[in-house]
Amino acid sequence: MTTQPQQFASDNYAGICPEAWAAMCAANTASAPAYGDDEWTARAADAFRTLFETDCEVFFAFNGTAANSLALAALCQSYHSVICSSSSHVETDECGAPEFFSNGSKLLVAQSADGKLTPQAIRDLATSRSDIHFPKPRVVTITQPTETGQCYSIDEIQAISATCHDLGLKLHMDGARFAHACATLQCAPADITWRAGVDVLCFGGTKNGMAAGEAIVFFDTALATDFDYRCKQAGQLASKMRFLAAPWIGLFESGAWLRNAEHANRCAARLAAAVEGLPGVRLAFPVQANAVFLHVPHGILESLSARGWRFYTFIGGSARFMFAWDARFEGVDLLAEDIARLAVETTAP
Ligand SMILES: *Cc1c(COP(=O)(O)O)cnc(C)c1O
């Protein structure tokens, strides 16, 4: 078998990290009750309560689209609306699932270059109309870190939640890469969630080293009423729940959840440092998590593809590279060397 260079088109290219894998193996040693009535699911939910230092309600879904959609549906009636940024996953990458699972709650989109919402943008949208003909604003959803890899600071989240509170809105966080934000901000998970006013978090396991799975964490536990029924109806209640739950125990008890994210962030910083300042190469966004978006001349993109590198250009035409727990420094350096060589060749007089 010839070894191909490691690819960084998506953090979902990675396999399962050893800690998550070991926990699944440990859960596979005997039979256990189904549908979440097992000791692994109870332990995993407790591990969340320990990590977040609070008595939250925790549910496990297969993927992030379901987690986001069902969480938002739980916060809304069909005549409500959800404020989000124009580049948010719920708006651009969930095939209408939030609207579908909420029976029609409308997404109200704020234009945003870096994917962040601001208190002003939220206020403008929430107060733009108050008449009966417009879907009533009910929820704000923010992505931490954003789809382009920017982190909201604790202060920014607090300011957003204060605005939400003022306007009577709930605050949801899409944390598909929540661990990466914790690694960047070096704060307690509680500091950027419930302590800062977040009501519901979708915590991504898949991009943190699991095979599959996202946790929906209700800090406002009253909002979790009947959420188990919502999951079941949506086809998101795993019968062998222990295999969705156990990996979380492995990630949290070993500390791998944070180590994996720190490593991924370090790889992004390594690529950014290596290519920043090369002729024609510009970082499209500040690198604050595990993503690097490069603005480079079109010819360089084509040459990179021709050399076998995979990347997406769906956000603003810049090339996206994403790093996961399994990224190897040698692989990052190979990519950086190719970009550097092409940049110098392409711009040589
Ligand atoms: C990956 C991702 C999700 C979840 O996507 P699924 O493919 O449904 O698991 C949600 N939000 C963001 C910001 C993501 O990057």
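Every value quoted in this text rests on a predicted model; they were computed, and no experiment measured them.

Digging into empty space enclosed by the protein
Here's step 1: Counting across every chain of the model gives 1 cavity of 30 Å³ or more.
Here's step 2: Empty space within the largest cavity amounts to approximately 30 Å³.
Here's step 3: Among the residues forming the lining of the largest cavity, the class breakdown is 5 nonpolar, 2 polar and 1 charged.

Remarks on the site of the ligand
Here's step 1: Asn63, Gly64, Thr65, Asn68, His89, Thr143, Glu147, Asp174, Ala176, Arg177 and Lys207 make up every residue found near the ligand.
Here's step 2: Between a nitrogen atom of the ligand and a side-chain N or O atom of histidine 89, the distance comes to 3.5 Å.
Here's step 3: Sort the elements by how many residues they give to the shell around the ligand and helix H3 (residues 64-75) lands first, with 3 residues.
Here's step 4: Taken together, the residues that form the shell around the ligand break down as 1 nonpolar, 6 polar and 4 charged.

Examining the side chain of glutamate 94
Here's step 1: Examined against the element boundaries, glutamate 94 turns out to sit in the loop between helix H4 (89-92) and helix H5 (97-101).
Here's step 2: Of the side chains bearing the opposite charge, lysine 207 lies closest to the buried glutamate 94, which forms no salt bridge; the N-O distance is 8.2 Å.
Here's step 3: Setting aside residues up to four positions removed in sequence, glutamate 94 forms contacts with Gly64, Thr65, Asn68, Ser69 and His89.

Regarding the nonpolar core
Here's step 1: Core analysis: the biggest nonpolar cluster contains 60 residues, and Phe48, Phe60, Val140, Phe203 and Trp248 have the highest contact counts within it.
Here's step 2: When sequence neighbours within four positions are dropped, the list of residues in contact with phenylalanine 60 reads Thr41, Ala44, Ala45, Phe48, Glu214, Ala215, Gln236, Met241, Leu244, Ala245 and Trp248.
Here's step 3: By size, the runner-up hydrophobic cluster in this structure holds 28 residues, among which are Ala264, Val281, Leu283 and Ala343.

Thoughts on the domain arrangement of the protein
Here's step 1: According to the domain assignment, the protein contains domain 1 (18-256) and domain 2 (257-347).
Here's step 2: Taking only C-alpha atoms into account, the centre of domain 1 sits 28 Å from that of domain 2.
Here's step 3: Taken together, the contact between domain 1 and domain 2 spans 26 residues of the former and 19 residues of the latter.
Here's step 4: Interface area for domain 1 against domain 2, summed over the two sides, is near 1900 Å², with a carbon-plus-sulfur share of 57%.

With respect to unusual backbone geometry
Here's step 1: Backbone torsion omega between glutamine 144 and proline 145 reads -15 degrees, so that peptide bond is classified as cis.
Here's step 2: By secondary structure assignment, the location of proline 145 is in the loop between strand E4 (136-143) and helix H7 (154-167).
Here's step 3: With a phi close to 60 degrees, asparagine 103 is a non-glycine residue in the positive phi region.
Here's step 4: Phi at glutamine 186 takes a positive value of approximately 50 degrees, unusual for a residue other than glycine.
Here's step 5: Residue placement: glutamine 186 occurs in the loop between helix H8 (178-185) and strand E6 (200-204).

Some points on the sheet that holds strand E1 (residues 57-61)
Here's step 1: The strand order E1-E7-E6-E5-E4-E2-E3 describes an open sheet built from 7 strands, whose pairing is mixed. A strand with exactly one partner marks an edge of an open sheet, and here the two such strands are E1 and strand E3 (106-110). If you compare each strand with its neighbour and ignore which way they point, the axes differ by 25 degrees on average.
Here's step 2: Contacting E1, strand E2 (80-85), E4, strand E5 (170-175), E6 and strand E7 (214-218), H3 runs over the sheet at an angle of about 175 degrees to E5.
Here's step 3: Here helix H10 (residues 242-254) sits on the sheet and contacts E1, E6 and E7; the angle it forms with E1, its principal contact strand, is near 115 degrees.

Examining the packing of H8 against helix H11 (residues 256-275)
Here's step 1: At their nearest, the axes of H8 and H11 sit 8 Å apart, and the two run at 75 degrees to each other. By the criterion of interaxial angle, the relationship of H8 to H11 is roughly perpendicular. Every residue of H11 that contacts H8 at Ala179, His180, Cys182, Ala183 and Thr184 is listed here: Trp257, Leu258, Ala261, Glu262, Ala264 and Asn265.

The rules behind these values
- Residues numbered from 1 in each chain as written.
- Predicted model: local features only at pLDDT ≥ 70, side-chain atom pairs only at ≥ 80, totals over all residues.
- Heavy atoms only, no water.
- 1 Å grid on protein atoms, 1.4 Å probe; cavity = no way out; pocket = protein on both sides within 12 Å on 5 of 7 lines; lining within 4 Å.
- Points joined across faces, edges and corners; volume = space filled by probe spheres on them.
- Nonpolar A, V, L, I, M, F, W, Y, C, P; charged D, E, K, R; others polar.
- Near = heavy atom within 4 Å.
- Polar contact = N/O pair within 3.5 Å; in protein donor to acceptor, adjacent residues only side chain to side chain.
- Helix = DSSP H or I, 4+ residues; strand = E, 2+ residues; numbered from the N terminus.
- Buried < 20%, exposed > 50% of the residue type's maximum accessible area, 1.4 Å probe, protein only.
- Lys, Arg positive; Asp, Glu negative; His and termini not counted.
- Salt bridge = Lys/Arg side-chain N within 4 Å of Asp/Glu carboxyl O.
- Contact = heavy atoms within 4.5 Å.
- Core = buried A, V, L, I, M, F, W, Y, C linked by side-chain atoms within 4.5 Å.
- Domains from an automatic or database assignment.
- Buried area = accessible area lost by both parts, 1.4 Å probe.
- Pairing = 2+ DSSP bridges.
- Axes fitted to C-alpha atoms, helices over the stretch in contact; angles between N-to-C directions.
- Parallel < 35°, antiparallel > 145°, perpendicular 65-115°, else oblique.

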